[in-house]
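The chain contents come next:
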Amino acid sequence: MTAVLDLPSTREEAWRWADLGALSAAAALAPVAAPAHEFLDLPGARLLFVDGVLDEARSQLHRVELTDLPTSDHALGRRAAGKGWRLSLDARAAADPVQVVHVATGRENHLPAHIHLGDDAVAQVVETFVGAGWQNRHLSVTLGKGARLMRSVRLLQPAGFVSLREEADVGAAASLVAVFLGAGGQGSRIDARLTLGDGAFGDYGGALLTAGEQRQECAVRVNHAQPDGSSRQLWRAVAADRSQASLAAAVEVARHAQKTDGEQSLRGLLLHRTATVNLKPELEIFADDVKCAHGATVGELDARALFYMESRGIPRARAQALLTRAFVNDALERIGDETTRAAFEADADAWLEASLSRRERSVGSTAPRAVEILPGAEPTQLGPLGAAEGEG
Amino acid sequence: MATKNAEAYEAVSKKYEWGFATDIEQDFAPKGLSEDTVRYISAKKGEPEWMLEWRLKAYRRWLTMDSPDWAKLSIPPIDYQDAYYYAEPRQKKTIASLDELDPEIRRTYEKLGIPIAEQEVLAGVEGARKVAVDAVFDSVSVATTFRAELKAAGVIFLSISEAIREYPDLVRKWLGKVVPQHDNYFATLNSAVFSDGTFVYVPKGVRCPMELSTYFRINAENTGQFERTLIVADEGAYVSYLEGCTAPMRDENQLHAAVVELVALDDAEIKYSTVQNWYPGDENGVGGIYNFVTKRALCQGRNSKVSWTQVETGSAVTWKYPSCVLAGENSVGEFYSVAVTNNRQQADTGTKMIHLGKGSRSTIVSKGISAGRSDNTYRGLVRVAPTAEGVRNFTQCDSLLLGDQCGAHTVPYIEVKNPSAQIEHEATTSKISEDQLFYAMSRGLDQEAAVALIVNGFAREVLQQLPMEFAVEAQKLLGISLEGSVG
């Protein structure tokens, strides 16, 4: 536990909204039985880590190997040192999707990872976090010229904390797309730094859904080090009860990185007056021929849209649910793979359903039963985690 | 078009023209900062005991604090012992009328174009409004004009040291209420050593009959200026206040740490305009003023309104966030800012809008212009408390980059705890397009004049918020500050 104490304080700008006190609390969680986990129905490698240790019997490594990895100097990243998983593809190689499921049974675990794609190589990685405790990950990514990496990460722990530190070096004309979904009951910090090469494309975004006393945040910095790069940061936050969702996204444009095109869209939706959404769309620009736009809004659902739907005969609760779902799906629709996207959307729906039905109950109206609120979200699609999460 | 052309030419053909120093005899406090310095200043002002205690408390607190480092500014460590904290023009006796003012000082203000005499009209314009001026020279207020006329209207317009003597209860009631002593490092330092500044009280239902203005001038070498301004607008009152500042060109960095507190009660309105033109240092970043300012307004009453307008063209380093605490129901906060940086200047400026009252609204329009090798940062906070229903905020931050060696940064913070709030934030970063330049130049402007014209257009939304007298000066300033930044 003493290791937790030397983390940065919230007086430092980059950690202003961080909830680092939650780390020791998460690490102190008593061990629980390993929860059920599900791999998506995708071909390719399957890695199951239980408390940061590979469960070889239930994993298929394919091209992934376990090896010693270099350490980071980041406050959280440096804790995840030592042996981790690595995916390394040669030039022009294309791998089947890699699925990684991280199961925690309490306490804390740390694991590094490294993804290297040679020139024009293509890969897809899907990660899922379940269980309870503090899971800390450090990922470094290097993409060669023209390489393409698609990542999808979902945080579905009912309790505890997930901290991710990611450092990516995106080569010339390469593309990195990462979509995050925080739909569990855990606290989180998604802390990333991307460096974009000549004409590279970086897209970091996702949706953070918070309820109860939960606090989730992202802190992503995209650095345009070379000319002609473009970046997208599209984040959505939905905060219910007394929770707090924080989105801090920064674009840095280096002196000679002309013709950069950076776009940020940060939007927050508050479901209760006790919830908090914090936004910080930051621009740091040293080049004079760039296009950088950011938009940030916080509020509740658009009253006119609600009225329109109600006037068409849609009950209020369902209209709210549909609009909220559309709001969240903005961030998820960039997941390229259909199976993965459907799974992420179902997780988000499960969260919305639980949260909105709880809200209707607390308001005391005659709300329809939970399953009726969102027509697409049948209970069978939710999986064991959705049910568990609904109780929290 | 022809007149605009001439104006633009005139604008870009000048350097910092307020860089002269006035040679007068002055009294200094011993160099350095200690409890003795604080006691010296207090004694010099003939302050009551409570004021001295207040200062000492701030000084002791200051010793325990660290200089803030979160702003995007690179400042070499400041040696607080290597400065004079008090400099006063030597006077043989107290002056009975404005005519007895030291002619050197009078000439200084004439050179700066500040009407110390109670001129009927300004600049020969028939029907122009009158402006009452409080002139602060280094550490003391040397003249305050139009006293009689203001007194007739019930408006108190005094230097703050006089106000502490003449209206102790009123000052004591509000001093440090909006910006607490220990608010931040520089505000605490100011609380300990503030020398002079302006106090304004506008009583119930009074609309101040003229613009009030304070003109700050740093003259002495190695001297810091620490002024304190307190403006209270009672129920239904209105006041418009202007502030201008200049300093001589010197090779060392001088410190300016001011605190401004505004209080608006029910239905009151305060309009506060600043044209900040401290010496910015030369093109290699030698010299210039370090400008650390804490400005905050408390909109305490229902329907109260505070509007900050600032044109920031000077200072080597600017650290300034005029803020509004919108506590009253339906209170309104506005912030209009143009910040220009050139050469090696650094500016980290913006605003804080703290929404506590129901239905409170705020508007933020910030225009940042960077040239040379400068850095210009907008840093702003919009916070909505859980109890503040129906809050509206609109923020617009535009940055203009002139040249490829400068930086423009935007750091907006949005913290919302009430779902009924509508918060919108927009930002753009751009440069002057070839098309715009070509168009202006094909109409006969040279490149610098064309740039000055386009920049004035870029900043127009803010400039038009300024009172007329200042708008002209501000427009001229923009052109001068950008001189040499193109081509």
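Residues numbered from 1 in each chain as written. Chains lettered and ligands numbered in written order. Predicted model: local features only at pLDDT ≥ 70, side-chain atom pairs only at ≥ 80, totals over all residues. Heavy atoms only, no water.

**A short note on the overall build of chain B**
Next up, step 1: Each helix and strand counted, chain B has 12 helices and 23 strands in total.
Next up, step 2: Burial statistics for chain B: of 487 residues in total, 63% are counted as buried.
Next up, step 3: Once local pairs closer than 6 in sequence are excluded, the contacts in chain B between residues at least 24 apart make up 85%.
Next up, step 4: With an accessible surface of roughly 18100 Å², chain B has 48% of that area assigned to carbon and sulfur atoms. (Helix = DSSP H or I, 4+ residues; strand = E, 2+ residues; numbered from the N terminus. Buried < 20%, exposed > 50% of the residue type's maximum accessible area, 1.4 Å probe, protein only. Contact = heavy atoms within 4.5 Å. Areas by Shrake-Rupley, 256 points an atom, 1.4 Å probe, with all protein chains shown as cover.)

**Notes on the overall build of chain A**
Next up, step 1: Counting its secondary structure elements, chain A contains six helices and 17 strands.
Next up, step 2: In terms of overall dimensions, chain A is globule-like: its C-alpha atoms have a radius of gyration of 20 Å, near the 21 Å expected for 392 residues.
Next up, step 3: Seen along its three principal axes, the alpha-carbon backbone of chain A occupies a region of about 60 × 55 × 45 Å.
Next up, step 4: When the 392 residues of chain A are sorted by exposure, 60% land in the buried category.
Next up, step 5: Within chain A, contacts between residues at least 6 apart in sequence are counted, and of these 82% link residues at least 24 apart.
Next up, step 6: With an accessible surface of roughly 14800 Å², chain A has 50% of that area assigned to carbon and sulfur atoms.
Next up, step 7: When the 41 basic and 51 acidic side-chain charges of chain A are each reduced to a single mean position, those positions are 3 Å apart. (Rg over C-alpha atoms; globule rule 2.2 N^0.38 Å. Lys, Arg positive; Asp, Glu negative; His and termini not counted. Charge placed at Lys NZ, Arg CZ, Asp CG, Glu CD.)

**Description of the environment of L269 of chain A**
Residue and element names in this part refer to chain A.
Next up, step 1: Along the chain, the position of L269 falls in strand β15 (residues 261–270).
Next up, step 2: Spatially, the C-alpha atom of L269 lies 5.4 Å from that of G299, the residues being 30 residues apart in sequence.
Next up, step 3: Apart from the residues within four sequence positions on either side, L269 is in contact with A237, V238, A239, V277, G299, E300, L301, T324 and F327.

**Things to note about the UniProt feature "domain: SUF system FeS cluster assembly SufBD N-terminal" (unreviewed entry) in chain B**
Next up, step 1: Following the UniProt record, one finds the feature "domain: SUF system FeS cluster assembly SufBD N-terminal" (unreviewed entry) at residues 145–208 of chain B.
Next up, step 2: Secondary structure content for residues 145–208 of chain B is 47% helix and 14% strand, and the end C-alpha separation is 14 Å. (UniProt positions renumbered as here; feature names shortened; annotations may be inferred.)

**Examining the interface of chain A and chain B**
Next up, step 1: With 33 residues of chain A in contact, the opposing surface of chain B contributes 38 residues.
Next up, step 2: When chain A packs against chain B, the two sides together hide about 2800 Å² of surface, and 48% of this comes from carbon and sulfur.
Next up, step 3: Area buried by chain A at its contact with chain B is led by R273, D288 and H294 of chain A, which between them contribute 22% of it.
Next up, step 4: Taken together, the connections running from chain A to chain B amount to three salt bridges. (Buried area = accessible area lost by both parts, 1.4 Å probe. Salt bridge = Lys/Arg side-chain N within 4 Å of Asp/Glu carboxyl O.)

**Some points on the pairing of strand β14 (residues 244–253) of chain A**
Residues and elements named next belong to chain A.
Next up, step 1: Buried residues dominate β14, accounting for 10 of its 10 residues.
Next up, step 2: Both strand β12 (residues 215–224) and β14 contribute to a ladder of 10 bridges, which runs parallel. Opposite C218, over in β14, you have L247 as the bridge partner.
Next up, step 3: Bridge count for β14 against strand β16 (residues 276–285) is 10 bridges, and the pairing is parallel. (Pairing = 2+ DSSP bridges.)

**Thoughts on unusual backbone geometry**
Residues and elements named next belong to chain A.
Next up, step 1: Even without being glycine, D51 reaches a positive phi, approximately 50 degrees.
Next up, step 2: Looking at the secondary structure, you find D51 in the loop between β1 (45–50) and β2 (53–54).
Next up, step 3: Even without being glycine, H62 reaches a positive phi, approximately 50 degrees.
Next up, step 4: The topology assignment puts H62 in the loop between β2 and β3 (64–69).
Next up, step 5: Residue H62 is classed as exposed on the basis of its relative accessible area of 57%.

**Examining the state of the cysteines**
All names here are of chain B.
Next up, step 1: Tallied over the full model, the rule gives zero disulfides over all chains.
Next up, step 2: Unpaired in this structure, C299 has its nearest cysteine sulfur neighbour in C324, at a distance of 5.2 Å.
Next up, step 3: The class for C299 is buried, based on a relative accessible area of 0%. (Disulfide = S-S within 2.5 Å.)

**Some thoughts on the packing of helix α3 (residues 49–63) of chain B against helix α8 (residues 185–193) of chain B**
All names here are of chain B.
Next up, step 1: The N-to-C vectors of α3 and α8 enclose an angle of 145 degrees; their axes lie 7 Å apart at closest approach. Crossing hand, α3 versus α8: left-handed. Only Y185, T188, L189, S191, A192 and V193 of α8 make contact with α3, whose side of the interface consists of W54, R55, A58, Y59, R61 and W62.
Next up, step 2: Here the contact of α3 with α8 is composed, by residue class, of eight nonpolar, two polar and two charged. (Axes fitted to C-alpha atoms, helices over the stretch in contact; angles between N-to-C directions. Left-handed = near helix turned anticlockwise from the far one by under 90°. Nonpolar A, V, L, I, M, F, W, Y, C, P; charged D, E, K, R; others polar.)

**A short note on the layout of surface pockets**
Residues and elements named next belong to chain B.
Next up, step 1: By volume, the largest pocket amounts to about 1000 Å³.
Next up, step 2: The wall of the largest pocket is formed by 29 residues, among which P68, W70, N184, W319 and K352 lie closest to the centre.
Next up, step 3: Within the residue set of the lining of the largest pocket, elements represented by two or more residues are β12 (288–299) and β20 (375–384).
Next up, step 4: Residues belonging to the lining of the largest pocket are distributed by class as follows: nine nonpolar, eight polar and 12 charged. (1 Å grid on protein atoms, 1.4 Å probe; cavity = no way out; pocket = protein on both sides within 12 Å on 5 of 7 lines; lining within 4 Å. Points joined across faces, edges and corners; volume = space filled by probe spheres on them.)

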